[in-house]
Amino acid sequence: MGDKTEKTFRFVIVGGGIAGVTCVEQLSSQFPDAEVALITAASLVKAVANFKQVSKTLEEFDVEEQPSSVLEEKFPNLTVVQSAVKALNTHTHTVQTVDGRTFGYEKLCICSGGRPKLLTQGNPYVLGIRDTDSAQEFQKRLSKAKRIVVVGNGGIALELVYEVEGCEVIWAVKDKAIGNTFFDAGAAQFLIPSLEADKPEGATPCKRHRYTVEPAGASHTFTDEDRRGRGVGPTEPGSALGPDWHEGIVLRGAEEVSHRVSVEYQCEVDSIYTHQELLKSPQQTLVSEGAGSWPVYVKLTNGKTFGCDFIVSATGVVPNTEPFLHGNNFALADDGGLRVDDHMMTSEPDVYAAGDVCTACWEHSPLWQQMRLWTQARQMGWYAGRCIAAHVLSEPIELDFCFELFSHITKFFSYKVVLLGKFNGQGLGPDHELLVRCTKGQEYIKVILSGGRMMGAVLIGETDLEETFENLILNQMDLTPYGEELLNPNIDIEDYFD
Ligand code: FAD
């Protein structure tokens, strides 16, 4: 790296997403006299607003995008460097940015998030959705589209197929049921009718606030020109979008239909052809057989080929570790994340990591698993800040309670969804039983029991059961005497366990 170090900070945090910003807030407020730097590629940073602790472990919050100056005003000891880190030297404790500057650190926390795992690189007909820019590109392309193919079965694909209107959607999922990351086949069956019905009126108001970085601090929505001018391009990724990423952007295609989704189960993408390539391929008969003329064609592993305007690749994220690896000796997990221990420390001294970029490699509580979600990014960023603080003060610190029980609250297909513990029986083996209660169009409740103890639950709809079930999971009470009565709709279960 060789370059002269411009300044050494006590704490350097890389990445202005939820994990990085939460870590910055924790350290800047706990050490008002220490110099803290946030180095981030995008001009806007993320902030948690209206934080609400719904129960012991469930939390809800809105996410705001702010100019980084708002953070600097709040914390006079904070310097925000707007540039991407291109190299890290853990021996000299320095990071180098793409604009050629070198900064020293005593403690470093990497919160650089992830980027979409694309089906194929550099194909103009394949889009990934990660940040506000890619969501807007998607919207622009969708407005002229008659048919798109969505590949993937996680949260993003689920929301996308539901939100898109006026465009036929072919949805290719590799599993037997939709939403396999979050649901089982029963829950999928409960949700499927929503894809066929028109969407309920009066969508929730947009809670995302956007600001520009104009000197006057006036707030308006970014235009493409604004963004290009500020250099937030694909090589300098912005933060991942959050739970309300599609609110405030109209996801409408060129046709006059509401929902038109066909699901292709248990298949993946075999190959992608442009119109010209298809004509030269063994599949060419398809064109003459009435598959129509489309800019791009997808052949699925179930043998079917679909023409479409473009393909959305929503098959998960790859941790953004690349700039940090060269010349260092980071232990990486199988999913490509930086391995962190129960103090959010990587394998390199004085380097911590939090959020989507890291993989939690401590021995997990039997009721918790890592999922690259908004809430976990906040929890990890906050806990990493506390661990760094404890280490510099030589104080002991125990794994935070939030890692005791997996909990997630979200919305799918306009239903409230609460996921608790091993909600899909993850890792429990065949030795568990399920209790299910379902009222079509209203609620779907699933409880996972192992040895008579509640290990997890899926609650879809306004069930009002989250707190009671969270307690039952946390206290691991033997529920054998209650049997199926546990889900009897005529019993007020809350009173039962009071
Ligand atoms: P990010 O938010 O990705 O932030 C990373 C930051 O690092 C960015 O500021 C970026 O500019 C910066 N950066 C990257 N590389 C560098 C570098 N080399 N140098 C400097 N800075 C760098 N989660 C939910 O819980 N619920 C949902 O409904 C939900 N929906 C989602 C929908 C979409 C479309 C997507 C893409 C994700 C969704 N998620 C959802 C996941 C959630 O957004 C992420 O888990 C979370 O944002 C991760 O936060 P982070 O701070 O780790 O990373």
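Worth saying up front: this structure is predicted, and the values here are computed from it rather than measured. (Residues numbered from 1 in each chain as written. Predicted model: local features only at pLDDT ≥ 70, side-chain atom pairs only at ≥ 80, totals over all residues. Heavy atoms only, no water.)

S.K.: In this structure, what is going on with the side chain of R437? I would like to understand it.
M.R.: Turning to its location among the elements, R437 is positioned in strand β24 (residues 433-439). Within the structure, R437 has its side chain in polar contact with the backbone oxygen of L487 (distance 3.0 Å). Those residues in contact with R437 that sit more than four places away from it in its chain are E443, Y444, I445, L487, N488 and P489. (Helix = DSSP H or I, 4+ residues; strand = E, 2+ residues; numbered from the N terminus. Polar contact = N/O pair within 3.5 Å; in protein donor to acceptor, adjacent residues only side chain to side chain. Contact = heavy atoms within 4.5 Å.)

S.K.: Just to check I follow, could you spell out the domain arrangement of the protein for this structure?
M.R.: By a frequent convention, interface size equals the accessible area lost on bringing the separate parts together. Examined at the domain level, the protein breaks down into domain 1 (7-113 + 320-402), domain 2 (116-198 + 244-316) and domain 3 (414-496). If you average the C-alpha positions of domain 2 and of domain 3, the two centres end up 33 Å apart. Opposite the 11 residues of domain 2 that make contact, domain 3 presents 16 residues. Interface area, domain 2 with domain 3, both sides summed: about 960 Å², of which 67% is carbon and sulfur. Taken together, the links from domain 2 to domain 3 amount to 3 residue pairs in polar contact (both at pLDDT 80 or more). Considering each element in turn, the side of domain 2 that touches domain 3 owes the most residues, 5 residues, to helix α5 (residues 185-196). Split by residue class, the side of domain 2 that touches domain 3 holds 6 nonpolar, 4 polar and 1 charged. (Domains from an automatic or database assignment. Buried area = accessible area lost by both parts, 1.4 Å probe. Nonpolar A, V, L, I, M, F, W, Y, C, P; charged D, E, K, R; others polar.)

S.K.: Looking at this structure, I do not really get the sheet that holds β24. What am I missing?
M.R.: Pairing between the strands of a sheet is mediated by backbone hydrogen bonds and can be parallel or antiparallel. Spatially, β22-β23-β26-β25-β24 is the arrangement adopted by the 5 strands of the open sheet, whose pairing is antiparallel. Bordering the open sheet on either side are β22 (407-412) and β24, each of which pairs with just one other strand. Along the sheet, successive strands turn relative to each other by an average axial angle of 15 degrees, direction set aside. Packing of α5 onto the sheet brings it into contact with β22, β23 (415-421), β24, β25 (443-450) and β26 (453-460), and relative to β25 it is tilted by some 170 degrees. Its contacts with the sheet place helix α11 (residues 466-475) against β23, β25 and β26, and it is angled at close to 160 degrees to β26. (Pairing = 2+ DSSP bridges. Axes fitted to C-alpha atoms, helices over the stretch in contact; angles between N-to-C directions.)

S.K.: Whenever I open this one, the environment of S134 confuses me. Can you help?
M.R.: Here S134 is to be found in helix α3 (residues 132-142). Sequence separation of S134 and F406 is 272 residues, and the distance between their C-alpha atoms is 29 Å.

S.K.: How should the UniProt feature "domain: FAD/NAD(P)-binding" (unreviewed entry) in the protein be read in this particular structure?
M.R.: This chain's UniProt record puts "domain: FAD/NAD(P)-binding" (unreviewed entry) on residues 10-164 and 296-381. From the first C-alpha to the last, residues 10-164 spans 47 Å; its make-up is 26% helix and 41% strand. Annotation note: span residues 296-381, helix share 14%, strand share 29%, distance between end C-alpha atoms 41 Å. (UniProt positions renumbered as here; feature names shortened; annotations may be inferred.)

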